[in-house]
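Analysis of the macromolecular model
Here are the chains, one letter per residue:
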Amino acid sequence: MAAIVSDDIMDEALAPTLQNILDQKTLRWIFVGGKGGVGKTTTSCSLAVQMAKVRRSVLLISTDPAHNLSDAFGQQFSKDAEKVNNVDNLWAMEINPNGSIQEMIDQSAASNSNNGMSNMMQDLAFSIPGVDEAMSFAEVLKQVKSTDFEVIIFDTAPTGHTLRFLSFPTVLEKALAKVSELSGRFGPMLNGLLGQQGMSGPDGDMFAKLESMRQTITEVNEQFKNPDLTTFVAVCIPEFLSLYETERMIQDLAGFHIDIHCIVVNQMLFPGKNSTCPQCNARYKMQQKYAEQINELYEDFHVVKMPLLTEEVRGAERIKEFSKMLIEPYVPPE
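If you're wondering where the values come from, they're calculated on a predicted model, not measured in any experiment. (Residues numbered from 1 in each chain as written. Predicted model: local features only at pLDDT ≥ 70, side-chain atom pairs only at ≥ 80, totals over all residues. Heavy atoms only, no water.)

**Some details on the overall build of the protein**
Along its length, the protein carries 14 helices and eight strands. Burial analysis of the protein (334 residues in total) assigns 50% to the buried set. Taking all contacts inside the protein whose residues are at least 6 apart in sequence as the whole, residues at least 24 apart take part in 78%. A total of about 15,200 Å² of accessible surface is found on the protein, and carbon and sulfur atoms cover 50% of it. (Helix = DSSP H or I, 4+ residues; strand = E, 2+ residues; numbered from the N terminus. Buried < 20%, exposed > 50% of the residue type's maximum accessible area, 1.4 Å probe, protein only. Contact = heavy atoms within 4.5 Å. Areas by Shrake-Rupley, 256 points an atom, 1.4 Å probe, with all protein chains shown as cover.)

**Describing the sheet that holds strand 5 (residues 151-155)**
Strand order across the open sheet formed by eight strands is 3-4-2-5-1-6-7-8, with mixed pairing between neighbours. One side of each edge strand has no neighbouring strand; the edge strands of this open sheet are strand 3 (82-83) and strand 8 (302-307). Pairing of strand 3 with strand 4 (residues 90-94), which is carried by two bridges, proceeds in the antiparallel orientation. Bridged to lysine 83 within strand 4 is tryptophan 91. Across the sheet, helix 13 (residues 278-297) lies against strand 6 (230-236), strand 7 (260-268) and strand 8, angled at about 175° from strand 7, the strand it touches most. (Pairing = 2+ DSSP bridges. Axes fitted to C-alpha atoms, helices over the stretch in contact; angles between N-to-C directions.)

**Considerations on the UniProt feature "active site" (unreviewed entry) in the protein**
Feature annotation in UniProt assigns "active site" (unreviewed entry) to the following positions: Asp64. Within the element layout of this structure, aspartate 64 appears in the loop between strand 2 (58-62) and helix 4 (69-73). (UniProt positions renumbered as here; feature names shortened; annotations may be inferred.)

**Remarks on the packing of aromatic side chains**
Enumeration according to the criterion identifies ten aromatic pairs in this entry. Relative to phenylalanine 232, the ring of phenylalanine 31 has its centre 6.3 Å away and its plane inclined at 10°; by these criteria the two rings are stacked. Note that phenylalanine 31 is positioned in strand 1 (residues 29-34) and phenylalanine 232 in strand 6, a separation of 201 residues in sequence. A relative accessible area of 0% means that phenylalanine 232 is categorised as buried. Here the aromatic rings of tyrosine 298 and phenylalanine 301 are separated by 5.1 Å at their centres, their planes lie at 65°, and the arrangement is edge-to-face. Judged on exposure class, the residue tyrosine 298 and its partner phenylalanine 301 are both buried. Every member of this aromatic cluster is reached through a ring pair, and the members are Trp29, Phe31, Phe154, Phe224 and Phe232. (Phe/Tyr/Trp six-rings, centres within 6.5 Å; stacked < 30°, edge-to-face > 60°.)

So, in structure tokens, the structure goes:
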């Protein structure tokens, strides 16, 4: 399958590193994604550390509800960008992909005796799948756009949720239509509630708020489809389910015209020729079968193979050490 790549990348030798991403000076948005448990957060943190060496300012954002960035760096992050300790030029933030509308529902339930008000907001939140996440994401994009970070790296949720951001403009269009319907039914009462919750737009209604969000997401989504500005790094492990889901994700990204030309294969075993561990040898043999399939399927990709380590990659210093193998291919001992 052919990857969607820019002319500069097509001219490069397909080295088994992510150096090509560091060298692409026009990049602004980088997504790191894959199946749960394959090392997305470690990979995104490592890539961010390397990118921070060659860019003036890098922002790492977690959209995974598990919020592993704090655990990875041993530092508590929040919804606001905070400087990563002991790493120059790198900031991080963790956002809740849900909650914008739910907060409004909870607050209205606590401050209003009229149950119809809460029911109206629930009608909006639950009749349009993804609208809450879309609104949260739009708020983050608006906040990020107002900053001057050179590169934004997303540590995304597992694959099933990763691609949802691509449908957010459509989701918000449905929400706009629903708000129009609700406005017709509830009129000033809707605007009054939204004003109390701080969600009203410039003209005092949610229609303007959602329209502003839709415009933000639509504008950024156009940048996502520009291979000079955006790329996606797939992360997997050499096992059947992970490889299957990676291929499906790559196909979906191609359908959305999202550039992807790099794959990181984590947890590779290199037991050595004289290994006497039967489990290690058997698993190595299995991994090699899938590694060969990866090489065949993605011969036009940069495929980076990372070793399974004996210790967790936690803390800035260990992440720095691990990140070097994204740039300089790992050479197993004899």
